[in-house]
Amino acid sequence: MDATLAASLRARDTAGLRRTLRPAPAPGTLHGFASNDYLGLAAHPALVEAAARAARDFGAGATAARLIGGSLPPHHALEDALAAWKRTEAALAFGSGYATALGVIPALVGRGDFVVLDRLAHACCVDGVRLSGATLRVFRHNDPADLDRLLTLVRRDHGGARVLVVTEGVFSMDGDRAPLAELIAVKDRHGAWLMLDEAHAVGVFGPRGGGLAEELGPGPHVEVRMGTLGKAVGAAGGYVAGSHVLVDHLVNHARSFLFSTAPVPAAAAAAAAGVELIQSAEGAARRARLRENIRALRAALRRPDDPAASAIAVWPVGEAAAATTLAEALRDRGIFVPAIRYPTVKRGAARLRFTATAAHTADDFAALAAALAQTLFPIS
Ligand SMILES: *Cc1c(COP(=O)(O)O)cnc(C)c1O
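Residues numbered from 1 in each chain as written. Predicted model: local features only at pLDDT ≥ 70, side-chain atom pairs only at ≥ 80, totals over all residues. Heavy atoms only, no water.

**Some points on the packing of aromatic side chains**
Within a pair of aromatic rings, the relevant descriptors are the distance that separates the centres and the angle that separates the planes.
Working step 1: Under the definition given, this model contains three aromatic pairs.
Working step 2: Relative to Phe-257, the ring of Phe-94 has its centre 6.0 Å away and its plane inclined at 70 degrees; by these criteria the two rings are edge-to-face. With Phe-94 in strand β2 (residues 90-94) and Phe-257 in helix α11 (residues 255-258), the pair connects residues that are 163 residues apart, well separated along the chain.
Working step 3: The exposure class of Phe-94 is buried, given its relative accessible area of 2%.
Working step 4: On the basis of relative accessibility, which here comes to 8%, the residue Phe-257 falls in the buried class.
Working step 5: Of note, Lys-86 hangs over the ring of Trp-85, and the distance from its end group to the ring centre comes to 4.8 Å.
Working step 6: Note that Arg-347 overlies the ring of Tyr-342, its terminal NZ or CZ placed 3.9 Å from the centroid. (Phe/Tyr/Trp six-rings, centres within 6.5 Å; stacked < 30°, edge-to-face > 60°. Helix = DSSP H or I, 4+ residues; strand = E, 2+ residues; numbered from the N terminus. Buried < 20%, exposed > 50% of the residue type's maximum accessible area, 1.4 Å probe, protein only. Lys NZ or Arg CZ within 6 Å of the ring centre and 35° of its normal.)

Next comes the structure, spelled out in structure tokens:
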């Protein structure tokens, strides 16, 4: 086995695509632009204390799947907090965002049904569709007209099928936003359902940090709002927010919920604390600081200011090896930023992916600008 696997690793190496695990930079050593902890909540005392208290009160492990061992108070508290935040009837917590998509999509559609997916949607959504047995159709990135065209064809040929549209609010490796209002209008016209992955929109957009669906306001309808508790929420886990019927259905049909041990109490309690904090005055102040830091990140990259920009800014490179070399050159100058390569993005579309957080300081951006002046912008 090892000889076979080593050969495939060598092939990845030759293509400049081999990954290796590296330690995260020790605090205070490098200026990090790799974190998705957009509001700087992961190390917040309120979350750390909530996790510690839950571990002391309920143990380190949840001991069983919830339908076997019963739910613990932190699970219900988290789901109540999520539903109140998202202003939905109900919510359901999963072990991770990845496990959420893997459970939810096959619970909603199966053989004979259709999923129409944005071309750049996250791997967990692609894998969820594969697992479901539904037929996959892909629409051009952020193109409601192309979605309309595909839905028209699906409805013409398969009138009675279930059709689920899946997209991200903010695209994880591009940083751009979905035209949500237009997508909702199109899917409503065709009687399709929408699942919105808000992984990178939550905490950043919306008056209470609830993401793009919240920013649109009440009225427009997203049937399935999913996200992760591991990024702006500062903890770990995944969730779906939606109707009572949706959540009841998922409790009965989502296999990554049914057959997986419940989230550890510490993670659920930390996530609930993160959800509360995001909506508080402190959360609003952190969002304002994040907004300033997004502007500073864009300025360092010599991009125009854009008040609607996400926290993700991408520097396109092209070849994988060149992206890795550039990331290493930045690391040598004190900047920690990931080179994003195939299969995370398509071949030949490697890039550097910078993220801003509320925890960045003016010093971080000064160091970034100085390093970029020697690497990305050497002659100007
Ligand atoms: C990170 C991410 C996920 C997965 O969430 P985890 O909790 O990390 O498993 C899902 N969708 C998108 C768009 C993501 O960026």
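Now that the structure has been shown, we can carry on.
**Here's the deal with unusual backbone geometry**
Working step 1: Residue Pro-343 is bonded to the preceding Tyr-342 through a cis peptide linkage, with omega at 5 degrees.
Working step 2: For Pro-343, the location among the structural elements is in the loop between β11 (339-340) and β12 (350-355).
Working step 3: Residues other than glycine seldom take positive phi values, yet Thr-63 does so here, at roughly 75 degrees.
Working step 4: With respect to the helices, strands and loops of the structure, Thr-63 is situated in the loop between α2 (45-58) and α3 (66-69).
Working step 5: Of note, Arg-87 is a non-glycine position whose phi angle comes to about 55 degrees, a positive value.
Working step 6: Within the secondary structure layout, Arg-87 lies in the loop between α4 (73-86) and β2.

**Here we look at the site of the ligand**
Working step 1: The ligand sits among 13 residues. The nearest are Gly-97, Asp-197, His-200, Thr-228 and Lys-231.
Working step 2: His-200 is positioned with one of its side-chain polar atoms (N or O) 2.6 Å from an oxygen atom of the ligand.
Working step 3: A distance of 2.6 Å separates an oxygen atom of the ligand from a polar atom in the side chain of Thr-228.
Working step 4: With the chains in place, 83% of the 380 Å² that the ligand exposes on its own is no longer accessible. (Near = heavy atom within 4 Å. Polar contact = N/O pair within 3.5 Å; in protein donor to acceptor, adjacent residues only side chain to side chain. Areas by Shrake-Rupley, 256 points an atom, 1.4 Å probe, with all protein chains shown as cover.)

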